[in-house]
Amino acid sequence: MDSPEVTFTLAYLVFAVCFVFTPTEFHSAGLTVQNLLSGWLGSEDAAFVPYHLRRTSATLLCHSLLPLGYYVGMCFAASEKQLYSLGQAPEAWRLFLLLAVTLPTIASTLIYYWSCDQWARHPLARTLALYALPQSGWRAVASSVNTEFRRIDKFATGAPGARVIVTDTWVMKVTTYRVHAARQQDVHLTVTGSRQHALSADSSLPVQLLTIHVASASPGVRAFDIRHLGIPTRNDGPALQRGLGSVAPAQQPPPCAG
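Residues numbered from 1 in each chain as written. Predicted model: local features only at pLDDT ≥ 70, side-chain atom pairs only at ≥ 80, totals over all residues. Heavy atoms only, no water.

## Some points on the environment of Ala-142
Stage number 1. Considering the arrangement of structural elements, one finds Ala-142 in helix 9 (residues 138-149).
Stage number 2. The spacing of Ala-142 and Pro-50 is 92 residues in sequence and 8.4 Å in space, taken between C-alpha atoms.
Stage number 3. Excluding residues within four positions of it along the chain, Ala-142 makes contact with Val-49 and Leu-128. (Helix = DSSP H or I, 4+ residues; strand = E, 2+ residues; numbered from the N terminus. Contact = heavy atoms within 4.5 Å.)

So this is what it looks like as structure tokens:
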């Protein structure tokens, strides 16, 4: 590859990785799906569930368009390859274009399926529907989640791609493409791993990062893992104490007989 092609490829690769994993610099510059589409997504504080129904869908579509964006850019960076003309483009690039078009097509089809019946088929809506009363639907549960998220005593921590949110009733994990949710009274929490860090930012004491497995007793609710710095204390707030205050240690295998 010649110099413009190499330069564009490396620059686009860095951009794509940062756009997907969003480091602090991209957040500060507003180069995130949440910021670029903030007018359509609305406010998370005002309507937590509707916001994440749209956010996960928009994120999936935007990320699926990255290969197509690379191909369009290469049409200018490597104009001698004539990538803008399918009949004259090399076969390898035609196959790449097919992949680049297929990904957003699949993503768009999936998002359309999710949005049918007023988003009732979205994974988050289907999870909330498992907790709905027979005479109500997932929207009633979503309204309860929205109300609890607006309260000031909730606990929220973590990076944007792996946020942990604990309210009076719910334990939730917000990831790039999905929102996991489980009702506190139905979950069993187990410590599955821990890592010790020498010092914390505001203390001279060592800090322990725990990996906690959240498993719901409700059929159909997918288990998920969350991370927290140590066992919750009274300084962490009442919501976290109720949600994560009774964490069971992982079972250790019995020692082998000599």
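## A short note on the packing of helix 5 (residues 48-64) against helix 7 (residues 91-119)
Each pair of packed helices gets described by two things: the angle between the helix axes and the distance between those axes.
Stage number 1. Here helix 5 crosses helix 7 at 165°, and the two axes come no closer than 8 Å. Taken together, the axes of helix 5 and helix 7 are roughly antiparallel relative to one another. Helix 5 and helix 7 meet at a crossing whose hand is left-handed. Contact residues: helix 5 offers Leu-53, Arg-54, Ser-57, Leu-60, Leu-61 and Ser-64, while helix 7 offers Ala-100, Leu-103, Pro-104, Ala-107, Ser-108, Leu-110, Ile-111, Trp-114 and Trp-119. (Axes fitted to C-alpha atoms, helices over the stretch in contact; angles between N-to-C directions. Parallel < 35°, antiparallel > 145°, perpendicular 65-115°, else oblique. Left-handed = near helix turned anticlockwise from the far one by under 90°.)

## Overview of the pattern of salt bridges
Stage number 1. Across all of its chains, the model carries three salt bridges by this definition.
Stage number 2. Arg-163 is paired through a salt bridge with Glu-44; the nearest N and O atoms lie 2.8 Å apart. Taken together, the positions of Arg-163 in strand 2 (residues 162-166) and Glu-44 in the loop between helix 4 (38-41) and helix 5 put the pair 119 residues apart, joining distant regions of the chain. Each member of the pair, Arg-163 as well as Glu-44, carries the same accessibility label: buried.
Stage number 3. The closest approach of N and O atoms between Arg-183 and Asp-186, which form a salt bridge, is 3.1 Å.
Stage number 4. Its relative accessible area of 16% is what places Asp-186 among the buried residues. (Salt bridge = Lys/Arg side-chain N within 4 Å of Asp/Glu carboxyl O. Buried < 20%, exposed > 50% of the residue type's maximum accessible area, 1.4 Å probe, protein only.)

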